[in-house]
Amino acid sequence: MTAAPFRADEVGSLLRPARVHAARAEHAAGRLDDAGLAAVEDEAIIEVVRLQEEAGLHAVTDGEFRRGWWHFDFFGALDGVTVEPGDSGMAFQGGAPAALGVHVEGRVGFPADHPMLRHFAFLRDHTAVLPKMCIPSPTVLHFRLTSLDEAVHPDRAALFADLAATWRDAIRAFYDAGCRYLQLDDTAWAYLCSEVELERARARGIDTEGLADAYAALLNEALRDRPADMTITTHVCRGNFRSTWIASGGYEPVARQLFEVCDYDGYFLEYDSDRAGGFEPLRFLPKGRKRVVLGLVTSKSGALEDPADVERRIEEASAHAPLDQLALSPQCGFASTEEGNVLTEEQQWAKLREIVRIAEATWGSID
């Protein structure tokens, strides 16, 4: 297994350079073809990989530069799933993204030509460190589901069995492509900690009774055949669009299922504001190999955190989980959607460099 998650790590998405925004706009208007867009993205990804390496990170991503969304692009390329304009059920505290709905119209499957396999291969071939791939969790597809064909999936158990098999196939496909560090991004766990979001889910027709236990079982079914030398983590997100958010609530309602039951190697947790609650739920982290990556550095604003404050909060967290099982990262990606958060690229890089420095000061290295 890799040493990931590292003491200094990142969630995944990065601010898109202006030339990527311009190329995507030209492509959407029909003035730039697919090859032209890919050429701009390729050049920008090579550059952003170099900048991550220079910042001192031991694992890098492609910044998700080829995506419009952190999740819909992946879902829309699955067999049996369509993503269309419609009510997404997402209620951000501020500006809202364009509404999209997820429809399951048949058996769900991971196709051999899923475009993100190519995205990973390009990243793999252009870094000297560990390439990290981020995809959404199957729980997100369920929690944000707009409609499904009940003749194919008559109940939750049937859908979850299909989703688990699909993600097992995805994990194997990324592994066969050379991926040894995979992250499942997940908003569902945070929403289970919010009575407001649970009520909205019930209004959409989702049965929330026992859902935390059901999600833990689904994820373990998805992870059950993963290779021994592949690190798989999750990022628990409360919503991230143009520096706004969706959910509030500490991890206590799901801590046992998430930390004790789910067979993840690491957990990227948002801890940049009071909305995340305290560190007490970390007491459920089993002693051993699992790591919690503390998202103490916000990606939602450009002001640089005081290193002393970050170090103090790491110490506070270590009262509930061993320091040796902790690490540091931004609280979320810097651009979960292509629009990006409200800060500059230089502020982004300053935060990532600071995370590396704090990790080295706290643990002696970032491994």
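Our subject in this report is the structure included herewith. (Residues numbered from 1 in each chain as written. Predicted model: local features only at pLDDT ≥ 70, side-chain atom pairs only at ≥ 80, totals over all residues. Heavy atoms only, no water.)

1. Some details on the packing of aromatic side chains
Then comes step 1: Summed over the entire model, instances satisfying the criterion amount to 13 aromatic pairs.
Then comes step 2: Between Phe259 and Tyr267 the ring centres are 5.1 Å apart and the planes differ by 90°, which places this aromatic pair in the edge-to-face class.
Then comes step 3: The structure contains a cluster of three or more aromatic residues connected by ring pairs, namely Phe74, Phe75, Phe110, Trp167 and Phe174.
Then comes step 4: Above the face of the Phe122 ring, Arg66 is positioned so that its terminal group lies 5.0 Å from the ring centre.
Then comes step 5: Over the aromatic face of Tyr175 sits the side chain of Arg180, whose NZ or CZ is 3.6 Å from the ring centroid. (Phe/Tyr/Trp six-rings, centres within 6.5 Å; stacked < 30°, edge-to-face > 60°. Lys NZ or Arg CZ within 6 Å of the ring centre and 35° of its normal.)

2. Let's talk about a negative patch on the surface
Then comes step 1: Taken together, Glu84, Glu105, Asp149 and Glu150 make up a surface patch of like negative charges.
Then comes step 2: Position of Asp149 relative to the elements: it lies in the loop between strand S6 (145-148) and helix H6 (156-176).
Then comes step 3: Residue classification places Asp149 among the partly exposed positions, given a relative accessible area of 30%. (Patch = residues over 30% accessible without salt bridge, like charges linked within 9 Å, V, L, I, M, F, W, Y side chains within 5 Å. Areas by Shrake-Rupley, 256 points an atom, 1.4 Å probe, with all protein chains shown as cover. Salt bridge = Lys/Arg side-chain N within 4 Å of Asp/Glu carboxyl O. Lys, Arg positive; Asp, Glu negative; His and termini not counted. Charge placed at Lys NZ, Arg CZ, Asp CG, Glu CD. Helix = DSSP H or I, 4+ residues; strand = E, 2+ residues; numbered from the N terminus. Buried < 20%, exposed > 50% of the residue type's maximum accessible area, 1.4 Å probe, protein only.)

3. Observations regarding H6
Then comes step 1: With 21 residues, H6 should reach 30 Å at 1.5 Å per residue; the first-to-last C-alpha distance of 30 Å fits that figure.
Then comes step 2: Along H6, the residues that are buried comprise Leu159, Phe160, Asp162, Leu163, Ala164, Thr166, Trp167, Arg168, Ala170, Ile171, Phe174 and Tyr175. (Expected span 1.5 Å × (residues − 1).)

4. Some words on helix H1 (residues 18-28)
Then comes step 1: Burial in H1 covers these residues: Val20, Ala23 and Arg24. Viewed end-on, H1 has its buried residues packed into an arc of 100°, placing them on one side of the element.
Then comes step 2: Where H1 is buried, its residues touch helix H2 (34-55).
Then comes step 3: Phi for Gly30, located one or two positions after H1, is positive at around 85°. (Arc of directions from axis to C-beta. Contact = heavy atoms within 4.5 Å.)

5. A closer look at the sheet that holds strand S2 (residues 79-85)
Then comes step 1: Strand order in the open sheet formed by three strands is S2-S3-S6, with mixed pairing between adjacent strands. Of all strands in the sheet, those bounded by a partner on one side alone are S2 and S6. Strand-to-strand twist across the sheet, computed as the mean angle between neighbouring axes with direction ignored, equals 25°.
Then comes step 2: Pairing of strand S3 (residues 100-109) with S6 involves three bridges; the strand directions are parallel. Note that in S6 the partner of His103 across the bridge is Ser147.
Then comes step 3: H6 rests against S3 and S6 of the sheet, and its axis sits at about 80° to S3. (Pairing = 2+ DSSP bridges. Axes fitted to C-alpha atoms, helices over the stretch in contact; angles between N-to-C directions.)

6. Some thoughts on the nonpolar core
Then comes step 1: Ranked by internal contacts, the top residues of the largest apolar core, which has 104 residues, are Phe174 and Trp189.
Then comes step 2: Beyond its immediate chain neighbours, meaning those up to four positions away, Trp189 contacts Ala212, Tyr215, Ala216, Leu219, Val236, Val254, Gln257, Leu258 and Cys262. (Core = buried A, V, L, I, M, F, W, Y, C linked by side-chain atoms within 4.5 Å.)

7. What to know about unusual backbone geometry
Then comes step 1: Cis geometry is adopted by the peptide bond preceding Pro5, which originates at Ala4 and carries an omega value of -5°.
Then comes step 2: For Pro5, the position within the fold is in the segment before H1.
Then comes step 3: Unlike most non-glycine residues, Glu64 shows phi in positive territory, near 60°.
Then comes step 4: Mapping Glu64 onto the fold places it in the loop between strand S1 (59-60) and helix H3 (72-76).

8. Thoughts on the side chain of His235
Then comes step 1: Inspection of the secondary structure puts His235 in strand S8 (residues 231-236).
Then comes step 2: Ignoring sequence-local partners within four residues, the contact set of His235 consists of Val11, Gln183, Leu184, Asp185, Asp186, Phe268, Glu270, Gln331 and Cys332.

9. Describing the side chain of Thr298
Then comes step 1: Turning to its location among the elements, Thr298 is positioned in the loop between strand S10 (291-297) and helix H11 (307-317).
Then comes step 2: Within the structure, Thr298 has its side chain in polar contact with the side chain of Asp272 (distance 2.8 Å).
Then comes step 3: Residues within four places of Thr298 in sequence aside, it is in contact with Asp272, Glu305, Gln331 and Lys351. (Polar contact = N/O pair within 3.5 Å; in protein donor to acceptor, adjacent residues only side chain to side chain.)

10. Quick look at the environment of Leu14
Then comes step 1: On the secondary structure map, Leu14 appears in the segment before H1.
Then comes step 2: With a relative accessible area of 0%, Leu14 lands in the buried category.
Then comes step 3: With 323 residues separating them in the primary sequence, Leu14 and Thr337 have C-alpha atoms 9.6 Å apart.
Then comes step 4: Contacts of Leu14, omitting those with residues within four sequence positions, involve Val48, Gln52, Thr61, Gly63, Phe65, Phe334, Ala335, Gln348, Trp349 and Leu352.

11. Describing the pattern of salt bridges
Then comes step 1: Counting across every chain of the model gives 32 salt bridges.
Then comes step 2: With a shortest N-O distance of 3.4 Å, Asp176 and Arg172 are connected by a salt bridge. With Asp176 and Arg172 both in helix H6 and four residues apart, this pair spans about one turn of that helix.

12. Observations regarding the packing of H1 against H2
Then comes step 1: Following both chains from N to C, one finds H1 and H2 inclined at 165°, their axes separated by 10 Å at the closest point. Considering their axes alone, H1 and H2 lie roughly antiparallel with respect to each other. Taken as a pair, H1 and H2 cross one another with a handedness that is left-handed. Across the interface between the two elements, Arg19, Val20, Ala23, Arg24 and His27 from H1 touch Asp34, Leu37, Val40, Glu41, Glu43, Ala44 and Glu47 from H2.
Then comes step 2: Of the residues contributing to the contact of H1 with H2, the split by class is five nonpolar, one polar and six charged. (Parallel < 35°, antiparallel > 145°, perpendicular 65-115°, else oblique. Left-handed = near helix turned anticlockwise from the far one by under 90°. Nonpolar A, V, L, I, M, F, W, Y, C, P; charged D, E, K, R; others polar.)

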